[in-house]
Amino acid sequence: MPPDAPRRRGLTNPVARAALRMVSAPRLDMREDYPRVRRFQRRLARRPLPRYRFLDRTIRSADGGHDIPVRIFSPRERRRDEVLLFLHGGGWVTGDIESYTPACATMADLTGCVVASVDYRLAPEHPFPAGLEDCVRVTRLLLDEPERAGLADARDIVLVGDSAGGNLAACTSLVLAREGHRGVRRQILLYPVTGDDHDPATSPHESVRRHGADYRLTAAEIQDYLEMYVPDPARRRDELVAPLHAADLRGQPATLVVTAELDLLCDEGEAYAAALADAGVPVRTHRVAGALHGFIALPRFSRSLRDGYGAIEAFLEEDIAAGGSPAGDARSAPGTEAR
């Protein structure tokens, strides 16, 4: 996908851009404000809404030191056998299964899949690699014992994550590959964090310079998140923090990368898709025009949400991991583009 063409055709009206800036999240000092953000997210998720169908379970950590909560959502109508193993966003610092309950219920209903949301440990109380270890533990256990998720075949587990959760999904797949584990066959990365440099002065990505001070997520905020998640600067280029630096991406799962046009993470998500394709991994990319970071949590009538789920639906239907069009083939799924 040419990096500039779709973006140039997107939201170019200066008045519309100014309006979006006004409704975007207020600027926060995440180092001081993250507890307040967590409380606000939980209160917002508890507002009066239709009752959701979910079941809470726990998985014991690998070292036996703590439980990892997992919330399982059933769709109103189950149309697919897959279970979507979901890792939430929030900069590795905020977000949990409570604040993501509305988004996960929507995901279950719109995909027709069971969704299992993982409540991994958060920074700064639990810095890297604590949250990643929880995600790897749950993923590995469900792959080895798919009956825990009500599945007969582990191949029906699809790893999904948004933002920092997209980062954790990509890194979970890298860990499993390092260990020689079969891993998941498919993963869906929604506007994922894949790099370590979000300074507009030094970042290699144009979207950081274009959108790093605007809209839903700023360069300063993501840098705060990253520093809380990985306090040691020397570790931030580790491939399990910034998978775009991975030396070998061969054998990674077939991947759908969905990016948001007005997101500073847009280019690094698409760069990761390109790196996967270069390694021979089947990849689909889809950029949601006019979308802000975090659109997966928008109401169901949102155009950005519907557009993103159109790409997810096409990816699940096509199942490129099982013989669909290979990466680079011009025959891409509806709403997506082959890399």
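Attention in this report is confined to the structure presented alongside it. (Residues numbered from 1 in each chain as written. Predicted model: local features only at pLDDT ≥ 70, side-chain atom pairs only at ≥ 80, totals over all residues. Heavy atoms only, no water.)

## Considering the pairing of strand E8 (residues 283-288)
The buried fraction of E8 amounts to six of the six residues, a majority that puts the element mostly inside the structure. Because side chains alternate across E8, one face comprises the buried residues Val 283, Thr 285 and Arg 287, and the other comprises Arg 284, His 286 and Val 288, equally buried. Summarising the sheet, strand E7 (residues 254-260) and E8 pair through six bridges and their orientation is parallel. Its bridge partner lying in E8, Val 257 is registered against Thr 285. Taking the sense of rotation as the criterion, the β-α-β connection linking E7, helix H9 (residues 266-278) and E8 turns out right-handed. (Buried < 20%, exposed > 50% of the residue type's maximum accessible area, 1.4 Å probe, protein only. Helix = DSSP H or I, 4+ residues; strand = E, 2+ residues; numbered from the N terminus. Pairing = 2+ DSSP bridges. Right-handed = clockwise from strand over helix to strand, strands pointing away.)

## Quick notes on the pattern of salt bridges
For the structure shown, the criterion picks out 22 salt bridges. Here Arg 60 ties to Asp 67 by a salt bridge, and the two come within 2.9 Å at their closest N and O atoms. Arg 155 is the partner of Asp 153 in a salt bridge, and the nearest nitrogen-oxygen pair spans 2.7 Å. A relative accessible area of 27% places Asp 153 in the partly exposed class. Salt bridges sharing partners connect three or more residues here, namely Arg 53, Arg 76, Asp 109 and Arg 300. (Salt bridge = Lys/Arg side-chain N within 4 Å of Asp/Glu carboxyl O.)

## Describing unusual backbone geometry
The step from Ala 123 to Pro 124 runs through a cis peptide bond, and the omega angle for that step is 0 degrees. Here Pro 124 shows up in the loop between strand E4 (114-118) and helix H5 (130-144). Residue Pro 129 follows Phe 128 across a cis peptide bond; omega there is 10 degrees. Within the secondary structure, Pro 129 sits in the loop between E4 and H5. Phi at Trp 92 takes a positive value of approximately 65 degrees, unusual for a residue other than glycine.

## Focus on the packing of aromatic side chains
Tallied over the entire structure, the rule returns five aromatic pairs. Pairing Phe 54 with Phe 73 gives two aromatic rings, centres 5.8 Å apart and planes at 55 degrees, and the pair type is tilted. Here Phe 54 is found in strand E1 (residues 54-60), whereas its partner Phe 73 is found in strand E2 (residues 67-73), with 19 residues between them in sequence. The class for Phe 73 is buried, based on a relative accessible area of 1%. Taken together, the ring pairs connect Trp 92, Phe 128 and Tyr 229 into an aromatic cluster. (Phe/Tyr/Trp six-rings, centres within 6.5 Å; stacked < 30°, edge-to-face > 60°.)

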